[in-house]
Amino acid sequence: MKLTIAKIGDPVLRQVAKEISPEEMSSEKVQTFIDDLIETKRAARGAGLAAPQVSVLWKIFVAEVDGNTRYPYKPKIPLTVVINPQITFLTEARFANFEGCLSVPDLRGVVERCPEIRLEGFNREGKPFNQVIKGITAGTFQHENDHLNGMIFVDRVKDSTSFCTWDEFKKHHEESFRRQVGEVVAKYGS
Ligand code: ZN
């Protein structure tokens, strides 16, 4: 079932989501919700979607990039479901990421992200995982994880002059950003 995406200004996006117990992970309620979250993400053509974005305060997000029309330059991410994520930064380095969000219609802005992170959490089968994630993909996971803590990418935009609509991004910024993405991918492999 496709769910409704909350938009910036909705207080639900500012709340901290709750952890899910191992028993809850395997429940039909959570499993059906994960299916709905994936369906909603795909219908909206997002790179990721976090539970609070559909007004559910659980620590769950999904990410997937494969020929995404919203983000044609993003490296592929296989469908990944993450429950109770914990992110650790593995480097002091940062890269500039031009982000957008399904909860912030028609706005993009530059956010600094860590290009090398450790992502710990549980998959939808309740199995723990622990993965090092690099580059642009690491940025996507940080964006989704922020939603579980009541944060939106606009909070992290340091230079407000980088804000732009999607049309203006295409016109004025996409070409140079694609080059920067190419540099990040060359350096970190994703
Ligand atoms: Zn978002």
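The paragraphs below set out a description of the structure included in this document. Here the structure is a predicted model, which means the values were calculated and not measured.

### Digging into the overall build of the protein chain
So, point 1. Scanning the protein chain from N- to C-terminus turns up 5 helices and 7 strands.
So, point 2. When the elements of the protein chain are put in sequence order from the N terminus, they spell out α-α-β-β-β-β-β-β-β-α-α-α.
So, point 3. Relative to the globule expectation of 16 Å for 190 residues, the C-alpha radius of gyration of the protein chain, 16 Å, shows essentially globular dimensions.
So, point 4. Expressed along its principal axes, the backbone C-alpha trace of the protein chain runs to roughly 50 × 35 × 30 Å.
So, point 5. For the protein chain, the residues scored as buried account for 52% of the 190 residues in total.

### A short note on the environment of threonine 32
So, point 1. Looking at where threonine 32 falls in the secondary structure, it is placed in helix H2 (residues 28-44).
So, point 2. The spacing of threonine 32 and methionine 1 is 31 residues in sequence and 8.8 Å in space, taken between C-alpha atoms.

### Digging into the coordination of the zinc ion
The reference angle at a metal is 109.5 degrees if four donors form a tetrahedron and 90 or 180 degrees if six donors form an octahedron.
So, point 1. Coordination of the zinc ion by the protein comes from Cys101 (SG), His143 (NE2) and His147 (NE2), over a distance range of 2.1 to 2.3 Å.
So, point 2. Counting gaps between the donor residues of the zinc ion yields the pattern C-x41-H-x3-H. Of this pair, cysteine 101 sits in strand S4 (residues 95-101) while histidine 147 is found in helix H3 (residues 135-148), placing the two residues 46 residues apart along the sequence.
So, point 3. The exposure class of histidine 147 is buried, given its relative accessible area of 1%.

### Observations concerning the sheet that holds strand S1 (residues 48-50)
So, point 1. Sheet architecture is open: 5 strands sit in the order S1-S2-S3-S6-S7, paired in antiparallel fashion. Each having just a single partner strand, S1 and strand S7 (128-134) make up the two edges of the open sheet. Averaged over all neighbouring strand pairs, the angle between strand axes comes to 40°, with direction disregarded.
So, point 2. Of the strand pairs in this sheet, strand S3 (residues 77-89) and strand S6 (residues 116-122) are connected by 5 bridges, and their pairing is antiparallel. Bridge pairing in S6 links glutamine 86 to glutamate 120.
So, point 3. Packing against the sheet, H2 makes contact with S1, strand S2 (60-65) and S3, and its axis sits at approximately 40° to S2.
So, point 4. Packing against the sheet, H3 makes contact with S1, S2, S3, S6 and S7, and its axis sits at approximately 70° to S3.

### A few points about the side chain of asparagine 97
So, point 1. With respect to the secondary-structure elements, asparagine 97 resides in strand S4.
So, point 2. Within the structure, the side chain of asparagine 97 is placed 3.1 Å from the side chain of glutamate 99, a separation counted as a polar contact.
So, point 3. When residues no more than four places from it in sequence are discounted, the contact partners of asparagine 97 are Gly109, Val110, Val111, Arg113, Ile136, Gly139 and Phe177.

### Some words on the environment of aspartate 146
So, point 1. In this structure, aspartate 146 sits in helix H3.
So, point 2. The exposure class of aspartate 146 is buried, given its relative accessible area of 7%.
So, point 3. The spatial distance from the C-alpha of aspartate 146 to the C-alpha of lysine 171 is 28 Å, given a sequence separation of 25 residues.
So, point 4. Here aspartate 146 is in contact with Arg113, Met151 and Arg156, once residues within four sequence places are set aside.

### What about the pattern of salt bridges?
So, point 1. Taken as a whole and judged by the stated rule, the model has 13 salt bridges.
So, point 2. Across the pair arginine 113 and glutamate 99 runs a salt bridge whose closest N-O atoms are separated by 2.7 Å. Linking arginine 113 in strand S5 (residues 104-113) with glutamate 99 in strand S4, this pair joins segments that are 14 residues apart in sequence. Of the two residues examined, arginine 113 and glutamate 99, each falls in the buried class.
So, point 3. Aspartate 146 is paired through a salt bridge with arginine 156; the nearest N and O atoms lie 2.7 Å apart. In this pair, aspartate 146 is assigned in helix H3 and arginine 156 in helix H4 (residues 153-156), connecting sequence segments 10 residues apart.
So, point 4. What emerges from the salt-bridge pattern is a single network uniting Glu99, Arg113, Asp146 and Arg156.

About the criteria used
Residues numbered from 1 in each chain as written. Predicted model: local features only at pLDDT ≥ 70, side-chain atom pairs only at ≥ 80, totals over all residues. Heavy atoms only, no water. Helix = DSSP H or I, 4+ residues; strand = E, 2+ residues; numbered from the N terminus. Rg over C-alpha atoms; globule rule 2.2 N^0.38 Å. Buried < 20%, exposed > 50% of the residue type's maximum accessible area, 1.4 Å probe, protein only. Donors = N, O, S within 2.8 Å, 3.2 Å for Na, K, Ca; no water. Pairing = 2+ DSSP bridges. Axes fitted to C-alpha atoms, helices over the stretch in contact; angles between N-to-C directions. Contact = heavy atoms within 4.5 Å. Polar contact = N/O pair within 3.5 Å; in protein donor to acceptor, adjacent residues only side chain to side chain. Salt bridge = Lys/Arg side-chain N within 4 Å of Asp/Glu carboxyl O.

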